[in-house]
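Each chain is listed here by its residues.
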2 protein chains.
Amino acid sequence: MSFDPETLRYNDQGLLPVVAQDEHSGDVLMLAWMNAEAVVKTLETRRVTYWSRSRSELWVKGATSGHTQELIDLRVDCDRDCLLAIVRQTGPACHTNRRNCFYTSVKTGEEVELFAPEK
Amino acid sequence: MSFDPETLRYNDQGLLPVVAQDEHSGDVLMLAWMNAEAVVKTLETRRVTYWSRSRSELWVKGATSGHTQELIDLRVDCDRDCLLAIVRQTGPACHTNRRNCFYTSVKTGEEVELFAPEK
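This section reports on the structure supplied with the text. Keep in mind it's a predicted model, so treat the numbers as computed, not measured.

1. Some thoughts on the interface of chain A and chain B
A common way to express how large an interface is: the accessible area buried when the components associate.
Thought 1: Facing 38 residues of chain A, the contacting portion of chain B comprises 38 residues.
Thought 2: Per-residue buried area on chain A facing chain B is highest for Phe102, Val106 and Glu111 of chain A; these three make up 21% of the total on that side.
Thought 3: With its nearest N and O atoms 3.5 Å apart, the salt bridge here joins Asp73 of chain A to Lys107 of chain B.
Thought 4: Looking at the side of chain A that touches chain B, the elements with two or more residues in it are β1 (16-22), β2 (28-34), β5 (69-76), β6 (83-89), β7 (104-107) and β8 (110-113) of chain A.
Thought 5: In the side of chain A that touches chain B, the residues fall into 20 nonpolar, eight polar and ten charged.
Thought 6: In this sheet, strand β5 (residues 69-76) of chain B lies alongside β7 of chain A in antiparallel orientation, the contact comprising two bridges. Across the sheet, Thr104 of chain A pairs through a bridge with Val76 of chain B, a residue of β5 of chain B.

In structure tokens:
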């Protein structure tokens, strides 16, 4: 069937969560948000484009940092209220300069850092 | 440092999104939501426990289906408003009986099914 971004289920701010996964390592890189316009732009340009909730504007990932995400595949979940973007990541995905955003782990009551920012 | 679930950043419904990833395949299985109580229960019991937004109650994943998730690792993202649960999944993760919830892909304007429900 043809894909219509309007058939996705957005929250009351018109957004849905998008999980970005590295095509090679399989690492979950980050979670960010898209509105319908960001979904369309991501599909048209193959440059992953989110909605920045802090800046209230479209956010072409890597537009300033150079740490872009090329879209390899976009998957829709069973409830149509979440997307999985398989991406080719250039540079670190996290704004802290780490390769992904999930860099602390909760172990027996302690939170420990798993990896440091890249040089 | 010691981990305090209250230091996570929940939305205005007291929830944050949690990405579940299979420890072996690396597949992203699903996205669901936790409140602080679900985070505590998940860490205490090592049985992944979400907050069901449709039923407005704690949801021990697999409690009725048997398709449980054993917590292997719980990771916190840079903004502390999203979690990554690395899990040992028993049976299919999706309520449609598919191995994960992201079973359609958007390809050149068409949405195609990637895999069918398990038998």
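2. Side note on the relation of the copies chain A and chain B
The relation between the two chain copies is a rotation about an axis coupled with a shift along that axis.
Thought 1: Superposition of chain A onto chain B requires a rotation of 180° combined with a translation of 0.0 Å along the rotation axis, giving an RMSD of 0.0 Å. Here the two chains are linked by the operation of a two-fold rotation axis. Measuring from the rotation axis to each C-alpha of chain A, the shortest distance belongs to Gly26 of chain A, at 2.9 Å.

3. Quick look at the side chain of Thr96 of chain A
Thought 1: Looking at the secondary structure, you find Thr96 of chain A in the loop between β6 and β7.
Thought 2: Engagement of the side chain of Thr96 of chain A in a polar contact is seen with the side chain of Arg98 of chain A, the distance being 3.1 Å.
Thought 3: When near neighbours in sequence (up to four residues on either side) are disregarded, Thr96 of chain A contacts Tyr103 and Pro117 of chain A together with Cys78 of chain B.

Here is what the cut-offs are and how they apply
Residues numbered from 1 in each chain as written. Chains lettered and ligands numbered in written order. Predicted model: local features only at pLDDT ≥ 70, side-chain atom pairs only at ≥ 80, totals over all residues. Heavy atoms only, no water. Contact = heavy atoms within 4.5 Å. Buried area = accessible area lost by both parts, 1.4 Å probe. Salt bridge = Lys/Arg side-chain N within 4 Å of Asp/Glu carboxyl O. Helix = DSSP H or I, 4+ residues; strand = E, 2+ residues; numbered from the N terminus. Nonpolar A, V, L, I, M, F, W, Y, C, P; charged D, E, K, R; others polar. Pairing = 2+ DSSP bridges. Least-squares fit on C-alpha atoms with pLDDT ≥ 70 in both. Polar contact = N/O pair within 3.5 Å; in protein donor to acceptor, adjacent residues only side chain to side chain.

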